[in-house]
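One letter stands for each residue in the lines below.
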Amino acid sequence: MPSYEDYDNLIIDRVGTDGRVGRITMNRPEKLNALSSGLLFELNDVLHDMEADDSIRMIILRGAGRAFCAGYDLTPNPAGSGGPNRRYKSADEKRRMLIMGVRTSMQQVTDIQMYFWNMAKVTIASVHRYALAGGCELAMMADLVVASDDTEIGHPGHRGLGVARNGVIWPLVLGMRKAKELSYTGESISAAEAERIGMINYAWPKEELEERTIAFADRLAIMSADHLAILKLNMNRFYENMGIYSSVRSSTEHDAMAQMTEFAYLWQEKMRELGFRAAVDWRDNQFRDLDTYRD
């Protein structure tokens, strides 16, 4: 079996019968596996490697430590680095975000998400505790999603940070009313609720998540990698003919535009004034105070 090089932000191993299930563990536990440029580009590389490896029939993606993924890493990148936090400056070198620069940077991340969606391997996202914002986006691009029963899933970034750049494909997997509610409120839901509405496949007790995820993947991996790839291609083409590529591209462009709304600028001011954690509390407490409509 081919060996995989060491990665700075990922752990790679093989599980299941005869190691036929490849497993990728996002390994930034101190950051709740926030999606940095380095993590995303490494993920892109290893997905390509695993796609070309016929001995791998299924792929599991999970997170190390306390959570699957709490979102994109909002820590400023070193000058000149790329990825989700890159900010382009105008010709006079003032620190101004340029709409096409932001859009281009975001599309690079979208391309990684779309490769995860369309690669010729069946994938399972195994999520625990938090699958939020960019973490929710990434999980939704897997073929199958399972979660521990303590998981919170949602996209709080809709509250002033932007919009889900792939629409978290909710319009494809949820009914219109619930998809709109989750988008407009930016709230998180439990794993049990996510299973009930069809966002994920299963919600399992957290102490059983690893064992049951491997068993689920191993059961599907009875079939050969090429046969599973054809089954996946057949299903994906149905959804792609409904417009997923054009829709995800459109969502990414709307995410770029949403960085420059009145509410987004207010949020950015609060981050500078209060710091990130306090700004999140300021934002979310407004919603909690008025969260009485289901009482």
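Above this text you will find the structure in question.
No experiment lies behind these values; they were computed from the predicted model shown.

Novice: Help me understand the pattern of salt bridges in this model?
Specialist: Two side chains bearing opposite charge may form a pair once their charged atoms approach each other closely. With the rule as written, the count across this model stands at 19 salt bridges. In this structure, E210 and R62 form a salt bridge, with 3.8 Å as the shortest nitrogen-oxygen distance. A residue pair is termed long-range when its members are at least 10 positions apart, and E210 in helix α7 (residues 209-220) and R62 in strand β3 (residues 58-63) qualify at 148 residues. Between D284 and R283 there is a salt bridge, with its nearest N and O atoms 2.8 Å apart. We classify D284 as buried; its relative accessible area is 9%. The class of R283 is buried, set by a relative accessible area of 4%. Within the structure, one salt-bridge network assembled from shared partners comprises D13, R23, R62 and E210.

Novice: Is there a simple way to think about the nonpolar core in this case?
Specialist: One recurring pattern in soluble globular proteins is that nonpolar side chains are buried together. Judged by nonpolar contacts, the single largest core of 52 residues is most densely connected at I24, M26, M140, W170, M199 and I200. Beyond its immediate chain neighbours, meaning those up to four positions away, M26 contacts N9, L10, N33, L35, L39, L61, R62, G63, A64, F68, C69 and L138. Membership of the second largest hydrophobic core comes to 16 residues, among which are M58, V122, W204 and A217.

Novice: Got a minute to help me understand the sheet that holds strand β9 (residues 202-204) in this structure?
Specialist: Spatially, β1-β2-β3-β4-β6-β9 is the arrangement adopted by the six strands of the open sheet, whose pairing is mixed. Because the sheet does not close on itself, it has two edges, and the strands there are β1 (10-15) and β9. When strand polarity is set aside, the average angle formed by the axes of neighbouring strands in this sheet is 20°. Sheet analysis places β3 next to strand β4 (residues 122-127), joined by four bridges and oriented parallel. Paired with I59 across the two strands is T123, which belongs to β4.

Novice: Even after reading the chapter, I still don't get the packing of aromatic side chains, so can you show me in this structure?
Specialist: The description of an aromatic ring pair uses the distance of the two centres, along with the angle that the planes make with each other. Tallied over the full model, the rule gives four aromatic pairs. Each ring, one from Y202 and one from F216, has its centre 5.6 Å from the other, and the planes form 85°; the classification is edge-to-face. Within this pair, whereas Y202 is found in strand β9, its partner F216 is found in helix α7, the two being separated by 14 residues in sequence. A relative accessible area of 15% means that F216 is categorised as buried. Pairing W204 with F216 gives two aromatic rings, centres 6.4 Å apart and planes at 85°, and the pair type is edge-to-face. Of the two residues, W204 sits in strand β9 while F216 sits in helix α7, which places them twelve residues apart along the sequence. Comparing W204 with F216 shows no difference in burial state: the two are buried. Within the aromatic cluster, the residues linked to one another by ring pairs are Y202, W204 and F216. Between the NZ or CZ atom of R165 and the centre of the ring of Y72, over which it lies, the distance is 4.4 Å. Above the ring of W267, the side-chain terminus of R283 is found at 4.9 Å from the ring centroid.

Definitions and limits used
- Residues numbered from 1 in each chain as written.
- Predicted model: local features only at pLDDT ≥ 70, side-chain atom pairs only at ≥ 80, totals over all residues.
- Heavy atoms only, no water.
- Salt bridge = Lys/Arg side-chain N within 4 Å of Asp/Glu carboxyl O.
- Helix = DSSP H or I, 4+ residues; strand = E, 2+ residues; numbered from the N terminus.
- Buried < 20%, exposed > 50% of the residue type's maximum accessible area, 1.4 Å probe, protein only.
- Core = buried A, V, L, I, M, F, W, Y, C linked by side-chain atoms within 4.5 Å.
- Contact = heavy atoms within 4.5 Å.
- Pairing = 2+ DSSP bridges.
- Axes fitted to C-alpha atoms, helices over the stretch in contact; angles between N-to-C directions.
- Phe/Tyr/Trp six-rings, centres within 6.5 Å; stacked < 30°, edge-to-face > 60°.
- Lys NZ or Arg CZ within 6 Å of the ring centre and 35° of its normal.

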